[in-house]
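What follows is the residue order along each chain.
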Amino acid sequence: MRVLKYAVSAMLMSAVVLSASASPTDPKNGVEYRTLPTPQQADAKKVEVIEFFDYACPHCYALDPSLQAWIKKQGGAIIFKRVHISRTGTDLPQQKMFYTLESMGLMNDAMNTKIFTEMHVNRNRMNRDELVFDFIAKQGVDRQKFIDTYRGFGVQGQVRRASSLMDTYGVDSWPMFAIDGKYVTSPAMSDEATKAATTEAQLHAQGFQVMDVLVAKAKAEKK
């Protein structure tokens, strides 16, 4: 019984030390972020930030406005990219819509916001091809040109690449961020040690604090 008591006490003390030493402004590897075992190729000059997201994800929708503000705050310090996640064995029209718009040079912040709004405010899940085509046509995009691109080999290749990147970065939940091909974090990870966030907005703020640190770290490592 005495040994058990000491073991429990040691575990509790370790938890207290971990909570005290880790925080979003002083993140620890393996807690608020993790380092990839094999660094991936990234932009040579600027810090590359990749968001793994899903248009159907309510957390991605909630994060997006503050994410766009965070990106603007970085100025020219980063290169930001989005990867729409895949789901094994499931065809995602929303994912193909994203890569089709990218291929056509039509994906931008305004279009991104329109898609999130359509899905989460207007409740159009766009989970069938025709629903996607109807929405896109309403945005003034040539319907047939979009459909041809949507069904083309280029978009199929982008979908396969998204799956490969998810495996490479170990993405099993979203939104998740990869920083300069080296580090992976998320709003959920940012609160792992302290469990201090009581609202989603606080969770987002903590996540951006961790990302600020990782961007600065990656920038310093380029010198």
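About the cut-offs
- Residues numbered from 1 in each chain as written.
- Predicted model: local features only at pLDDT ≥ 70, side-chain atom pairs only at ≥ 80, totals over all residues.
- Heavy atoms only, no water.
- UniProt positions renumbered as here; feature names shortened; annotations may be inferred.
- Helix = DSSP H or I, 4+ residues; strand = E, 2+ residues; numbered from the N terminus.
- Buried < 20%, exposed > 50% of the residue type's maximum accessible area, 1.4 Å probe, protein only.
- Contact = heavy atoms within 4.5 Å.
- Areas by Shrake-Rupley, 256 points an atom, 1.4 Å probe, with all protein chains shown as cover.
- Lys, Arg positive; Asp, Glu negative; His and termini not counted.
- Charge placed at Lys NZ, Arg CZ, Asp CG, Glu CD.
- Arc of directions from axis to C-beta.
- Polar contact = N/O pair within 3.5 Å; in protein donor to acceptor, adjacent residues only side chain to side chain.
- Axes fitted to C-alpha atoms, helices over the stretch in contact; angles between N-to-C directions.
- Parallel < 35°, antiparallel > 145°, perpendicular 65-115°, else oblique.
- Nonpolar A, V, L, I, M, F, W, Y, C, P; charged D, E, K, R; others polar.
- Pairing = 2+ DSSP bridges.
- Salt bridge = Lys/Arg side-chain N within 4 Å of Asp/Glu carboxyl O.

By the naming in an unreviewed UniProt entry, the chain goes by Thiol:disulfide interchange protein and is assigned to Duganella zoogloeoides. Turning to the chain, the UniProt annotation filed under Subcellular location (unreviewed entry) states: "Periplasm". Heading Sequence similarities (unreviewed entry) of the UniProt record for the chain holds this comment: "Belongs to the thioredoxin family. DsbA subfamily."

Here we look at the overall build of the chain
Looking only at helices and strands, one finds 9 helices and 5 strands in the chain. Along the chain direction, N to C, the helices and strands of the chain fall in the order α-β-β-α-β-α-α-α-α-α-β-β-α-α. In terms of its C-alpha atoms, the chain occupies a principal-axis envelope of roughly 75 × 45 × 30 Å. Per-residue burial over the chain gives 43% buried out of 223 residues. Considering only intrachain contacts with a sequence separation of at least 6, the fraction spanning at least 24 residues in the chain is 72%. Looking at the chain as shown, the accessible area adds up to about 11900 Å², and 55% of this sits on carbon and sulfur atoms. Here the chain carries 28 positive and 24 negative side-chain charges, and the mean point of each set is 3 Å from the other.

Thoughts on helix H5 (residues 129–138)
Among all positions of H5, only Val-132, Phe-133, Phe-135 and Ile-136 are buried. Down the axis of H5, the smallest arc covering the buried residues is 165 degrees, so these residues share one side. Packing partners of the buried residues in H5 comprise helix H3 (93–103), helix H4 (109–120) and helix H6 (143–150). One or two positions beyond H5, positive phi appears at Gly-140, with a value near 85 degrees.

Some words on the environment of Ser-86
Counting through the fold element by element, Ser-86 comes out in the loop between strand E3 (78–84) and H3. Ser-86 gets classed as buried once you look at its relative accessible area, which sits at 11%. For the pair Ser-86 and Arg-161, spaced 75 residues apart in the sequence, the C-alpha separation amounts to 9.5 Å. A polar side-chain atom of Ser-86 sits 2.7 Å from a polar atom in the side chain of Gln-95.

Details of the packing of H3 against H6
In contact at an axis separation of 9 Å, H3 and H6 are set at 110 degrees when each is read in the N-to-C sense. Classified by the angle between their axes, H3 and H6 sit roughly perpendicular to one another. Taken together, the residues of H6 that come into contact with H3 (itself represented by Pro-93, Lys-96, Met-97, Thr-100, Leu-101 and Ser-103) are Phe-146, Thr-149 and Tyr-150. Along the lines of polarity and charge, the residues of the contact of H3 with H6 split into 5 nonpolar, 3 polar and 1 charged.

Notes on the side chain of His-84
Considering the arrangement of structural elements, one finds His-84 in strand E3. The buried category is assigned to His-84, whose relative accessible area is 0%. Within polar-contact distance, the side chain of His-84 engages the side chain of Asp-54 at 3.5 Å. In terms of polar contacts, His-84 uses its side chain to reach the backbone amide nitrogen of Tyr-55, at 3.1 Å. Residues within four places of His-84 in sequence aside, it is in contact with Phe-53, Asp-54, Tyr-55, Leu-92, Gln-94, Gln-95, Phe-98, Tyr-99 and Ala-162.

Some words on the sheet that holds strand E1 (residues 33–35)
Read across the open sheet, the 5 strands follow the order E1-E5-E4-E2-E3; overall the sheet is mixed. Whereas interior strands pair on both sides, the edge strands pair on one side only; in this sheet they are E1 and E3. Adjacent strand axes in the sheet meet at a mean angle of 20 degrees when their direction is disregarded. Bridge analysis of strand E2 (residues 47–53) against strand E4 (residues 176–179) gives 4 bridges, and the strand direction is antiparallel. Considered in E4, the bridge of Ile-50 is made with Ala-178. Strand contacts of H3: E2 and E3, with the helix running at about 140 degrees to E3, the strand carrying the most contacts.

Points about the pattern of salt bridges
Under the counting rule described, the total for this entry stands at 13 salt bridges. Between Lys-81 and Glu-48 there is a salt bridge, with its nearest N and O atoms 3.0 Å apart. One end of the pair, Lys-81, is in strand E3; the other, Glu-48, is in strand E2, and 33 residues separate them in sequence. With a relative accessible area of 6%, Glu-48 lands in the buried category. The salt bridge involving Lys-222 is made with Asp-180; its shortest N-O contact spans 3.1 Å. Here Asp-180 lies in the loop between E4 and strand E5 (183–185) and Lys-222 lies in the segment after helix H9 (200–221), a separation of 42 residues in the sequence. A relative accessible area of 5% places Asp-180 in the buried class. Linked by salt bridges that have partners in common, Glu-51, Asp-64 and Arg-82 make up one network.

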